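# A look at the structure
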Amino acid sequence: MPQTEVTLAADADLRLSQTEEGRWIGVLLRSRKGFVIPRFAAALLARAADPVPVTNLTAWMDQCGVPAPLLSACRSAGLLVAVDDAYWERRLERKRWQDHDWLAAYDYHALTYGYPFEWYEKGRSFMDQTRMNTYSESDPDVDRFLVLHQRSAIPVPPPRNAREPEMRTLDVDSVAFVLAMMGGIVLQARNPWPHSAPALRKTSPSGGSRHPTELFIRTHSVRGLPDGYHHYNPRENTLGFLSPMPALSDAPRCDVHYVTHFARNRYRYREPRTFRTVHMDVGHLMGTCDLLAASLELHVSHELGRVPDAVLVDLDLVRTEDCVMALSILSEP
């Protein structure tokens, strides 16, 4: 019985880059290993970006003058791998993220997956407590709310007192209900480090009770609300009108923009974990939005990573400080 030919490919989580000096660098995200790669090896790995039979690859190497030992060297280093089910599974996972324009987010998650952070299930460690005390002494932990200039504001009932509005109707009452149930404050808790504002417990979970996601909406022909941008303020239980914008639809529609305020989350998690946790935060809120829309029999759709930067300009926000991570569109059925 003839033996099946081996098919090779660059590791699914290999990333190649070139320095200003022209050196090629290869990083295996999941093993967190980096390599300085010779130019011919970089060419070999680029040729194998998609699976290729080993005979075709060696023929190409002969044609291009790539030294033969580089093939075994790349395989030994794990840069070049035999194609199997695990390889295709990782390729498919990356494609799912790519379909939402979240390639950078995928790379970050792959790079930090399984990283030995603090084991919080065993309780707060002495190292963690010392670190947070140091942070708070130099820069008090008081960032809980985004304060914006608003033209006007309407009250939003807090989540525990919210009366369910009329179903299948998108108006000021249903929008206020959805926002309060997504981001309303339920409880407050004292943090164990000094000079800290209370931690907030909201209706949707957030790592460390940081709640970095701010809820902005753009309304289109929603009864009881002017067309344009609004901001939900859970501290004041208000919906503040920020700026008028023309409606893009005659039918009632509410665009919920999930805006990450990085500083709030970074205070607790610093750089190594901030990017990972803000995605989970937005995911929880989008899941809550799904449940609320279903309870009101409203239609909802989501967009990830395709929200234009123009939204930040409209909201007068700075990209390095805040980012529109995703969008939910609520409409009547």
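How each quantity is defined
Residues numbered from 1 in each chain as written. Predicted model: local features only at pLDDT ≥ 70, side-chain atom pairs only at ≥ 80, totals over all residues. Heavy atoms only, no water. Pairing = 2+ DSSP bridges. Helix = DSSP H or I, 4+ residues; strand = E, 2+ residues; numbered from the N terminus. Contact = heavy atoms within 4.5 Å. Axes fitted to C-alpha atoms, helices over the stretch in contact; angles between N-to-C directions. Salt bridge = Lys/Arg side-chain N within 4 Å of Asp/Glu carboxyl O. Buried < 20%, exposed > 50% of the residue type's maximum accessible area, 1.4 Å probe, protein only.

Pairing is antiparallel across the open sheet formed by 3 strands, whose spatial order is β5-β1-β6. Whereas interior strands pair on both sides, the edge strands pair on one side only; in this sheet they are β5 (52-53) and β6 (80-82). In this structure, strand β1 (residues 7-10) lies alongside β5, joined through 2 bridges in antiparallel fashion. In the sheet register, Leu8 faces β5, and the bridge partner there is Val52. The sheet contacts of helix α3 (residues 69-76) involve β1 and β6, and relative to β6 the element is tilted by about 80 degrees.

As a further point, take the pattern of salt bridges. This model, assessed by the stated rule, comprises 15 salt bridges. Note that Glu297 and Arg168 form a salt bridge whose closest N and O atoms lie 3.1 Å from each other. Of this pair, Glu297 sits in the loop between α8 (262-295) and β14 (299-304) while Arg168 sits in the loop between β7 (152-155) and α7 (172-183), and the two are 129 residues apart along the sequence. Residue Glu297 is classed as partly exposed on the basis of its relative accessible area of 36%. Asp255 is the salt-bridge partner of Arg253, the closest N and O atoms lying 2.8 Å from each other. Given the relative accessible area of 5%, Asp255 is considered buried.

The phi angle at Arg32 is positive, at roughly 55 degrees, despite the residue not being glycine. Tracing the backbone shows Arg32 in the loop between β3 (24-28) and β4 (33-37). When its relative accessible area of 37% is taken as the criterion, Arg32 is described as partly exposed. If you check the backbone angles, Ser209 has positive phi at about 55 degrees while not being a glycine. With respect to the helices and strands, Ser209 occurs in the loop between β9 (199-202) and β10 (213-220).

From the geometry alone we can't say anything about function, so treat these as descriptive.
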